[in-house]
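A look at the structure
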Amino acid sequence: MTATALVETRQGPVTTSERGLIGARDYTITRLAPSEAVSALVERHWMVSWDLPPGRTSQATLLPHPCVNLTWLPGTDVMINGVGRALFTYPLMGSGFVFGVKFRPGGFAPFWPGEVVELTDRVRPLKELIKSDPGVRLRAATGIAELAAEAERFLLAHWPAPDPTVALVGRITGALLHDREVRRVDDVTARFGLSARSLQRLFRAYVGVTPKWVLSRYRLHEAAERLSDPSSGGLSQVAADLGYFDQSHFIRDFTRVVGETPGNFEYRNSGT
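The sections below set out a description of the structure shown in this document. Quick caveat, the model's predicted, so the values are computed rather than measured. (Residues numbered from 1 in each chain as written. Predicted model: local features only at pLDDT ≥ 70, side-chain atom pairs only at ≥ 80, totals over all residues. Heavy atoms only, no water.)

A few words now on the sheet that holds strand 7 (residues 88-93). Spatially, 1-4-7 is the arrangement adopted by the three strands of the open sheet, whose pairing is antiparallel. Each edge of the open sheet carries a strand with a single partner, namely strand 1 (21-22) and strand 7. As paired strands, strand 1 and strand 4 (residues 57-62) are joined by two bridges and run antiparallel to one another. Within strand 4, the residue paired with Leu-21 across the bridge is Leu-62. (Pairing = 2+ DSSP bridges. Helix = DSSP H or I, 4+ residues; strand = E, 2+ residues; numbered from the N terminus.)

Right, let's talk about the side chain of His-221 for a bit. With respect to the helices, strands and loops of the structure, His-221 is situated in helix 6 (residues 211-227). Under the relative-accessibility criterion, His-221 is labelled buried at 2%. The contact partners of His-221, leaving out residues within four places of it in the chain, are Ser-17, Arg-19, Gly-20, Leu-63, Pro-64 and His-65. (Buried < 20%, exposed > 50% of the residue type's maximum accessible area, 1.4 Å probe, protein only. Contact = heavy atoms within 4.5 Å.)

This brings us to the packing of helix 6 against helix 8 (residues 247-258). One can describe the packing of helix 6 onto helix 8 by two numbers: an axis separation of 11 Å at closest approach and a directional angle of 95 degrees. With respect to helix 8, the axis of helix 6 lies roughly perpendicular. Here Ser-216, Arg-217, Leu-220, Ala-223, Ala-224 and Leu-227 of helix 6 come into contact with helix 8, specifically with Phe-250, Asp-253, Phe-254 and Val-257. Tallied by class, the residues present in the contact of helix 6 with helix 8 amount to seven nonpolar, one polar and two charged. (Axes fitted to C-alpha atoms, helices over the stretch in contact; angles between N-to-C directions. Parallel < 35°, antiparallel > 145°, perpendicular 65-115°, else oblique. Nonpolar A, V, L, I, M, F, W, Y, C, P; charged D, E, K, R; others polar.)

With that settled, the discussion passes to the pattern of salt bridges. Enumeration over the complete set of coordinates arrives at twelve salt bridges. Its salt-bridge partner being Asp-77, residue Lys-127 comes within 3.0 Å of it at the nearest N-O pair. Of the two residues, Lys-127 is situated in the loop between strand 9 (123-125) and helix 1 (135-138) and Asp-77 in the loop between strand 5 (69-72) and strand 6 (79-81); the sequence distance between them amounts to 50 residues. According to the relative accessible area criterion, Asp-77 is partly exposed, its value standing at 31%. Linking Arg-124 and Glu-128 is a salt bridge whose minimum nitrogen-to-oxygen distance equals 3.2 Å. Judged by relative accessible area, which is 28%, Arg-124 ranks as partly exposed. (Salt bridge = Lys/Arg side-chain N within 4 Å of Asp/Glu carboxyl O.)

Position of Phe-192 among the secondary structure elements: in helix 4 (residues 185-192). Accessibility expressed as a relative area gives 23% for Phe-192, which makes it partly exposed. Phe-192 sits 96 residues away from Gly-96 along the chain, and the two C-alpha atoms are 44 Å apart. Beyond its immediate chain neighbours, meaning those up to four positions away, Phe-192 contacts Leu-168, Arg-171, Ile-172 and Ala-175.

Here it is in structure tokens:
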């Protein structure tokens, strides 16, 4: 089964990568834009579904984004997934799906009573934060549109007070994602008029990881996608385009995070 990605008209700016699911795909990913009512904090809704024949197993591998997600697997509670810094692999067998709400970088902070770094690399039940669980209503939904509508109704019932700092975090992460002239944290501090210490505190409180981590992760998302394309130009071209000082630096960074060299990844995924 080949994955499809359905992205509807987006509400608000793109502040996080569309990439991240890597490797062979025995699943379908469907993405749905949020309504305007929640788009200041929510980037998208998503659903990963699969239907494997008896006896066959597979997996979905994710290079995580700098975002908090709410996730729901039928039969379980809704969970808060903080930013995961390590490669995440979910085993697949039989048929099923996972539904999620992806917040913008910094977008979950107004809901959370402390610093978002407290959630990094952790998964916690949503009912620990909000003394109710939308899972009961989600069970009656059919398809991603109904799931998203129920999730948004729940979020709007518990919507936090406006926080203008979320928009600032969005502008910074948007620059990290889109602007090839932003290659170092110093470029961010100069552009947004923040000291390095203030920027670090901002990301600790609102994002959960450092701006350097975000910049590196967005570049690796693009690297994995391009290395899966035979027309990408090869390792040297990808490393240069993504702002690495040299190819060896790129190889070390990619291998440390993805767990294999970019050359091996390219061989397995590009069909060359």
